[in-house]
Amino acid sequence: MLVDFYQLSRDPVDVTVVKLARKVMQAGERLLVVAADEGLRTRLGDALWQQGGGSFLANGLADAPHAARQPILISDACEAPNDARMVILADGQWRDEASAFDRAMLLFDADATEAARDLWRTLSARNDIKNRIFKQTPEGGWREGR
């Protein structure tokens, strides 16, 4: 299992989720986006839909009808009725259930840096998990860091 840590610096969480979701969709995968806060879940869903033109990213709530059909689900829990193998933890909170996915992407800001470092150390001790860190470039892209 792969855990990617994304340190938010330039772009806010909704912009970052859209960028990562687009990459997941381009790879032909399904995605689960998790956030405990209902307001954040609503903003993320709106951001995914409002890409403009034909580039919107179809999504729905995990507890809504026909959730299994949605390429992107938004939820407060790490359960994927759409059979997603990738999860974005948009609120920076690790959930042990995320380790059941092939890849988890943990987004965190400067305020959560220490908690992310602690989690990194904890997960590094596990043989079934490989950690990577990604830092944002000034141009808005991402590069793997140390």
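Residues numbered from 1 in each chain as written. Predicted model: local features only at pLDDT ≥ 70, side-chain atom pairs only at ≥ 80, totals over all residues. Heavy atoms only, no water.

The relative placement of two aromatic rings is captured by the distance of their centres and the angle of their planes. For the structure on display, the rule yields five aromatic pairs. Residues Phe 5 and Phe 108 carry aromatic rings whose centres are separated by 6.4 Å and whose planes lie at 75° to one another, so their mutual orientation is edge-to-face. With Phe 5 in strand 1 (residues 2-7) and Phe 108 in strand 6 (residues 103-108), this pair connects stretches of sequence that are 103 residues apart. Residue classification places Phe 108 among the buried residues on the basis of a relative accessible area of 5%. Seen from their ring centres, Trp 49 and Phe 56 are 5.2 Å apart, and the 20° between their planes marks the pair as stacked. Owing to a relative accessible area of 39%, Phe 56 belongs among the partly exposed residues under this scheme. (Phe/Tyr/Trp six-rings, centres within 6.5 Å; stacked < 30°, edge-to-face > 60°. Helix = DSSP H or I, 4+ residues; strand = E, 2+ residues; numbered from the N terminus. Buried < 20%, exposed > 50% of the residue type's maximum accessible area, 1.4 Å probe, protein only.)

Before going further, it helps to examine the side chain of Thr 137. The residue Thr 137 is located in the loop between strand 7 (130-136) and strand 8 (142-145) in this model. Once residues within four sequence positions are removed from consideration, Thr 137 is found in contact with Arg 10 and Arg 143. (Contact = heavy atoms within 4.5 Å.)

With mixed pairing, the eight strands of this open sheet are ordered in space as 3-4-2-5-6-1-7-8. Two strands close off the open sheet at either side, each with one partner strand: strand 3 (60-61) and strand 8. The pairing of strand 2 (residues 31-34) with strand 5 (residues 86-89) spans four bridges and is parallel. Bridge pairing in strand 5 places Leu 32 opposite Val 87. Along the sheet face, helix 1 (residues 13-26) touches strand 1, strand 2, strand 4 (72-75), strand 5, strand 6, strand 7 and strand 8 and points at about 160° away from the line of strand 6. Against the sheet, helix 2 (residues 38-49) contacts strand 2 and strand 4, and its axis sits at roughly 165° relative to strand 4. (Pairing = 2+ DSSP bridges. Axes fitted to C-alpha atoms, helices over the stretch in contact; angles between N-to-C directions.)

Right, let's get into the nonpolar core. If you look at the biggest cluster of nonpolar residues, it comprises 24 residues, and the most contacted ones within it are Val 17, Leu 31, Val 33, Leu 48, Ile 88, Met 105 and Leu 107. For this core, the secondary-structure elements that each account for two or more residues are helix 1, strand 2, helix 2, strand 4, strand 5 and strand 6. With six residues, helix 1 is the largest single contributor of residues to this core. Not counting the four nearest positions on each side in its chain, Leu 107 is found in contact with Tyr 6, Leu 8, Val 13, Thr 16, Val 17, Leu 20, Ile 88, Leu 89, Ala 90, Asp 91 and Gly 92. Ranked by size, the runner-up nonpolar core spans 22 residues in total, among them Trp 94, Ala 98, Leu 123 and Ile 133. (Core = buried A, V, L, I, M, F, W, Y, C linked by side-chain atoms within 4.5 Å.)

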